[in-house]
Amino acid sequence: MRALAAVLVLLAACLLHLRLGAAEIPARAILQAITAFDPTNYAHVVVVFQRITRLAVAVFSGAVLGVAGLLLQKIMQNGLVSPSTLGINAGATSFVVLAVYFFGLGGAALFLPALAGGLGAMALTFMTARLLAGQGDPRMNLVLGGAMVGTLFSSVTAFVVALDPDGFTNLLGWLIGDIGNFDYKSLSAMAPFGIAGLIGAVLLSRMVDLLAMGQEQAAVLGVDTRLVHGGALLIAIVLTVSAVTVVGPIGFVGLVMPHVARLVAGEVGLLPLWLCLIGGATVLTLADVLARVLMAPQVLNVGTVMGLAGGAVFLALVLTRARGAQI
Amino acid sequence: MTLTLRMGRISLPISLRFVIAAPLLLLALIASAYLALGVGSSVTAPADVLAAILSPREALSPGARAIADFRLPRVQVAIMAGAMMAASGYLLQVVSRNGLADPGILGLSDGATVAVMLVTFLYGPIAVGQLGLVSLVGAVATAGLVLGLGRRLLTGGGIILVGLSINIVLGAVVEMILVSGTSAQFAQIMTWSRGTLGTADGPDAAMMARWFCLLMPVLLLGSRMLHPLLLGEEAAMALGLPARAVLVAGVLLAAAFAAPVIAVCGPIGFIGLMSAWIARGIVGERPTEVVLIAMPVGAGILLWADTLGRVLFSPITVSAGIMVSVVGALSFILVARTGRRSRASS
C-alpha cells in the first residue's frame with residue numbers, strides 16, 4: 001500500500017517534470033508525443049529529446065543515490081552518513097577530473113577512475129575518523145572525517161580545473177552536479193552498473209538488517225559480518241559512482257531519503273529500500289523541476305537546488321543529533 | 001622559559017621562544033616579499049625591485065614601474081590578507097574553543113561572499129571601501145548564526161559540522177547568483193569566489209591598510225582578555241572576566257579581520273587554521289604571543305601561495321585560494337590528529 005502510494009507520487013512528479021519548464025506543455029501533448037511522435041511538432045521534440053531524457057537521468061540517479069544512502073546509514077548505524085557527507089562524491093569527482101586532464105578519458109571509461117576515487121575517499125574517511133577518535137561523539141567523527149576528505153578532494157578538483165580552465169568549460173555544470181540534455185548517453189553506459197548494484201542491495205537486504213542488530217547478534221545468527229559489511233559498502237560505492245559519473249556530485253538525496261523511509265516504513269524489511277529507491281527518484285525529479293522553474297528562463301544546476309535544501313536538512317540533523325536524540 | 005618585561009607598573013611576561021621566533025619570522029617575511037617582487041611573467045632586474053620600493057613613481061624605469069604598479073600592491077595585499085586571516089582564525093579558535101575553526105570553515109567567508117555578491121549583483125560595482133563594510137555585515141551575520149546554533153556543540157566536531165552545513169547552503173546561494181548574472185560577470189565572480197589576488201591594486205592595498213591599522217590596536221589590547229577564555233567560559237567568569245561580552249567582541253573582531261580580505265581577494269580558506277596551529281607549536285598557548293606569531297606565518301603562507309601560483313605553472317596562473325586550500329585541507333587532517341594526541345597526553 002505504502003509502496004503503491006510512493007509510486008503514485010513518483011508518477012505525479014514525472015508528469016510535472018514533463019509538463020513544466022521554460023514552456024509549459026499540456027498533458028495531452030505529452031501523451032501524443034509518446035504514443036504518436038511527430039518530428040515536426042516542436043512540443044513533441046521538446047518532450048522526447050529534452051524532457052524525457054532528463055527525466056530518465058533524474059529518476060535513475062535519484063533512485064541509485066537513495067539506496068546507496070540507505071545502505072551506508074544501515075551498516076554504519078549513523079544517520080548522518082551518505083555518499084556526499086562521507087566524501088565519496090568528492091573523491092569520484094576529483095578522480096574523474098584527473099582522468100580527463102591527464103588521460104583525456106571520456107564517457108563510460110570514466111567509471112573506473114570514478115570508482116577508484118570513491119573507494120579511495122571512503123578509505124581516507126575511515127582513516128581520518130580513526131585519527132579523530134577519542135574526542136566528542138564517534139558518529140560525528142566519521143562525518144567530520146568525511147567533510148575533511150570532501151574538502152581535500154574538492155580543492156584538488158578546483159586545482160586541476162584551474163590548470164586548464166578552457167578545457168573544462170563543458171564540465172563546469174557537471175562539477176556542481178547537473179542534469180544536462182545529453183546525459184542520457186552516459187546514462188546508458190552507467191545503467192548496468194546501477195541496476196546490478198540495486199539487485200545486489202535487494203539480495204543483501206536481509207543480511208544488512210541482521211547486521212544492523214549489532215555485530216555479535218548477527219554473527220550468532222550465522223551472518224558473515226565482515227563479508228556483508230564489505231559487500232554492502234562496495235555496493236553503496238558502486239551505486240554512488242554510477243550516478244556521479246552521469247550527473248556529477250549531487251548531494252543529500254542519500255542523506256535525506258533513508259530518514260523519510262524510516263519515518264514511513266520503520267527499520268527492517270524490503271519496504272524501506274523500495275521507498276528509498278522510489279523516493280530518491282521523486283526527490284531528484286522534483287529538484288530538476290525546481291531547477292528549471294525557480295529562476296526561469298535561466299536553468300539552475302540540480303546540484304544547487306539539492307545543496308540549498310540538503311544543507312538545511314543536514315544542519316537540522318546535526319542539531320538534533322547534538323540534542324542527544326537518536327537519529 | 002619566560003622573561004618578564006617591566007615598564008613602570010606594567011609587567012609583561014614574554015616567553016623566550018617568542019623573543020627568538022618573532023624577529024626571525026619577520027625577517028623571513030621581508031625576504032620572501034623581496035623575492036616575490038622580483039619574479040613573475042616578465043623578467044625584471046634585481047635593481048628595479050629596490051628602486052620600485054624606494055624611489056617615487058615618476059623617477060622609475062619601465063621595468064621598475066611595472067613592479068611598483070602591479071607586483072607591489074599584490075604583495076602588500078597578500079601580506080596583509082594572510083596576517084588578517086590568521087588573526088581572524090585564531091580569534092575564532094579561542095571563541096569556539098575548537099582548534100579546527102577558521103573563517104572559511106565556520107562559514108564567515110561564505111557569508112561575506114554572499115553579501116558582497118548580492119550587493120554587486122543588485123547595485124553594480126561599488127567602491128572597494130564600502131565593499132569592506134558590506135562583507136563585514138555578511139561575516140558578522142553568519143558568525144552569529146553559526147555560533148548561535150552551535151553553542152552547545154563547541155567541543156569535538158559539532159560546531160564545525162554546523163559551519164559546514166551553513167557553508168553548503170551559502171555555496172548554493174552563490175551558485176544561484178552566479179547563474180543569474182551575465183556570462184562576463186560570471187567569469188569575473190567565479191575567479192573571485194575561489195579566492196584570488198589577481199585583481200589586487202593600489203586602492204585595495206590602501207583600504208586593507210586602513211582596516212589593519214584600525215584593528216591591530218584593538219587586537220593587541222584585547223588579546224590579554226582571551227587568556228582566561230582558554231580555560232572555559234565558567235572559569236573565565238570566576239576570574240572576574242565578563243566572558244559573554246568578551247566572546248561577542250572576539251567574534252566581531254574576527255569578522256572584522258576577515259571582512260576586508262574577502263572584499264578584496266574573495267574567501268581564502270585554511271590560512272587561519274594553519275597559521276594558528278603553527279604558531280601554537282612555536283610559542284605555546286599565551287594568546288598575545290600566539291596571535292603575533294600567527295600573523296606573520298599567515299602572511300608568509302599566502303604570499304608564497306600567491307607567488308608559487310603565479311610562477312610555478314607559468315603562463316597559467318593558479319589563484320592563491322586554490323593553492324592554499326590543497327595544502328590547507330591536508331593540514332586540516334593533521335591538526336585534527338594532533339588535537340587527539342594532545343588530549344591523550346594531557
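Enquirer: Hey, could you run me through the overall build of chain A in this one?
Expert: On a plain count of helices and strands, chain A comes out with 13 helices and 0 strands. The helix and strand sequence of chain A, counted from the amino end, reads α-α-α-α-α-α-α-α-α-α-α-α-α. Taking 20 Å as the expected radius of gyration for a compact globule of 327 residues, we find that chain A reaches 20 Å, a close match to that expectation. Expressed along its principal axes, the backbone C-alpha trace of chain A runs to roughly 65 × 55 × 35 Å. Each of the 327 residues in chain A was classed as buried or not, and the buried ones make up 55%. Nonlocal contacts in chain A, meaning residues at least 24 apart in sequence, comprise 75% of its contacts between residues at least 6 apart.

Enquirer: Mind showing me how you'd approach the packing of helix α3 (residues 62-96) of chain B against helix α8 (residues 202-229) of chain B here?
Expert: Packed helix pairs are characterised by how far apart their axes lie and by the angle those axes make with each other. All names here are of chain B. At a closest axis distance of 10 Å, the pairing of α3 and α8 adopts a crossing angle of 25°. One finds that α3 runs roughly parallel with respect to α8. The chirality of how α3 crosses α8 is left-handed. Of the residues in α8, those in contact with Pro73, Gln76, Val77, Met80, Ala81, Ala83, Met84, Ala87, Leu91 and Val94 of α3 are Gly202, Asp204, Ala205, Met208, Ala209, Trp211, Phe212, Leu215, Leu219, Leu226 and Leu229. Among the residues making up the contact of α3 with α8, the classes are represented as 18 nonpolar, 2 polar and 1 charged.

Enquirer: Quick question: what am I supposed to make of the interface of chain A and chain B here?
Expert: When the parts of a complex come together, some accessible area is lost, and that lost area is often taken as the interface size. Facing the 38 residues of chain A at the interface are 39 residues of chain B. When the two sides are added together, the surface that chain A and chain B hide from each other amounts to roughly 3500 Å², 81% of it contributed by carbon and sulfur. One can count 0 salt bridges joining chain A with chain B. Connecting chain A to chain B are 1 residue pair in polar contact (both at pLDDT 80 or more).

Enquirer: What's the story with the packing of helix α4 (residues 88-103) of chain A against helix α10 (residues 225-247) of chain A in this structure? I'm lost.
Expert: All names here are of chain A. Running from amino to carboxyl end, α4 crosses α10 at an angle of 50°, the nearest separation of the two axes being 10 Å. The orientation of α4 with respect to α10, classified from their angle, is oblique. The chirality of how α4 crosses α10 is right-handed. Only Ile237, Thr240, Val241 and Val244 of α10 make contact with α4, whose side of the interface consists of Ile88, Asn89, Ala92 and Thr93. In terms of residue class, the contact of α4 with α10 is built from 5 nonpolar, 3 polar and no charged.

Enquirer: It is not clear to me how empty space enclosed by the protein should be interpreted in this structure. Could you clarify?
Expert: Remark: the empty space left among the atoms is shown by a probe the size of a water molecule rolled over them. All names here are of chain A. In total, this model carries 2 cavities of 30 Å³ or more according to the counting rule given. Reported here for the largest cavity is a volume of approximately 40 Å³. If you go around the largest cavity, the residues you meet are Leu70, Leu71, Lys74, Ser205, Val208, Gly269 and Leu273. Counting residues per element, the ones that place at least two in the lining of the largest cavity are α3 (42-76) and α8 (183-212). Counting residues per element, the lining of the largest cavity draws most heavily on α3, which supplies 3 residues. Residues belonging to the lining of the largest cavity are distributed by class as follows: 4 nonpolar, 2 polar and 1 charged. Within this model, the second largest cavity holds a volume of roughly 30 Å³.

Enquirer: I would appreciate a short explanation of α4 of chain A in the present structure.
Expert: Three- or four-residue spacings in an α-helix give side chains the same orientation, since the helix completes a turn every 3.6 residues. All names here are of chain A. In this model α4 runs 22 Å from its N-terminal to its C-terminal C-alpha over 16 residues, within 8% of the 22 Å that 1.5 Å per residue would give. Restricting attention to buried positions, one finds in α4 the residues Ile88, Asn89, Ala90, Gly91, Ala92, Thr93, Ser94, Val96, Val97 and Ala99. On its buried face, α4 is in contact with α3, α5 (111-132), α6 (138-163), α7 (172-176) and α10. Positive phi appears at Gly104, one or two residues downstream of α4, with a value of about 60°.

Enquirer: Hey, could you run me through the confidence of the model for chain A in this one?
Expert: Predicted confidence across chain A gives a mean pLDDT of 83, with 96% of residues reaching 70 or more. Looking over chain A, one finds the lowest element-wise mean pLDDT in α7 of chain A, namely 76, and the highest in α4 of chain A, namely 90.

Enquirer: Just checking my understanding: could you explain a nonpolar patch on the surface for this structure?
Expert: Residues and elements named next belong to chain B. Judged by side-chain polarity, Leu3, Leu16, Val19, Ile20, Leu24, Leu27 and Ile30 come together as a nonpolar surface patch covering roughly 620 Å² of accessible area. Of all the elements, helix α1 (residues 16-38) adds the most residues to the nonpolar patch, at 6 residues. Inspection of the secondary structure puts Leu3 in strand β1 (residues 2-7).

Enquirer: What should I look at first to understand the nonpolar core in this one?
Expert: Proteins that are soluble and globular tend to have nonpolar side chains buried together. Membership of the largest hydrophobic core comes to 221 residues, with the highest contact counts inside it found for Met76 of chain A together with Ile160, Leu219, Leu229 and Phe257 of chain B. The residues touching Leu219 of chain B, leaving out its near neighbours within four places in the chain, are Ala87, Leu91, Leu253, Phe257, Val291 and Met295 of chain B.

Criteria and thresholds
Residues numbered from 1 in each chain as written. Chains lettered and ligands numbered in written order. Predicted model: local features only at pLDDT ≥ 70, side-chain atom pairs only at ≥ 80, totals over all residues. Heavy atoms only, no water. Helix = DSSP H or I, 4+ residues; strand = E, 2+ residues; numbered from the N terminus. Rg over C-alpha atoms; globule rule 2.2 N^0.38 Å. Buried < 20%, exposed > 50% of the residue type's maximum accessible area, 1.4 Å probe, protein only. Contact = heavy atoms within 4.5 Å. Axes fitted to C-alpha atoms, helices over the stretch in contact; angles between N-to-C directions. Parallel < 35°, antiparallel > 145°, perpendicular 65-115°, else oblique. Left-handed = near helix turned anticlockwise from the far one by under 90°. Nonpolar A, V, L, I, M, F, W, Y, C, P; charged D, E, K, R; others polar. Buried area = accessible area lost by both parts, 1.4 Å probe. Salt bridge = Lys/Arg side-chain N within 4 Å of Asp/Glu carboxyl O. Polar contact = N/O pair within 3.5 Å; in protein donor to acceptor, adjacent residues only side chain to side chain. 1 Å grid on protein atoms, 1.4 Å probe; cavity = no way out; pocket = protein on both sides within 12 Å on 5 of 7 lines; lining within 4 Å. Points joined across faces, edges and corners; volume = space filled by probe spheres on them. Expected span 1.5 Å × (residues − 1). pLDDT = per-residue confidence, 0-100. Patch = residues over 30% accessible without salt bridge, like charges linked within 9 Å, V, L, I, M, F, W, Y side chains within 5 Å. Areas by Shrake-Rupley, 256 points an atom, 1.4 Å probe, with all protein chains shown as cover. Core = buried A, V, L, I, M, F, W, Y, C linked by side-chain atoms within 4.5 Å.

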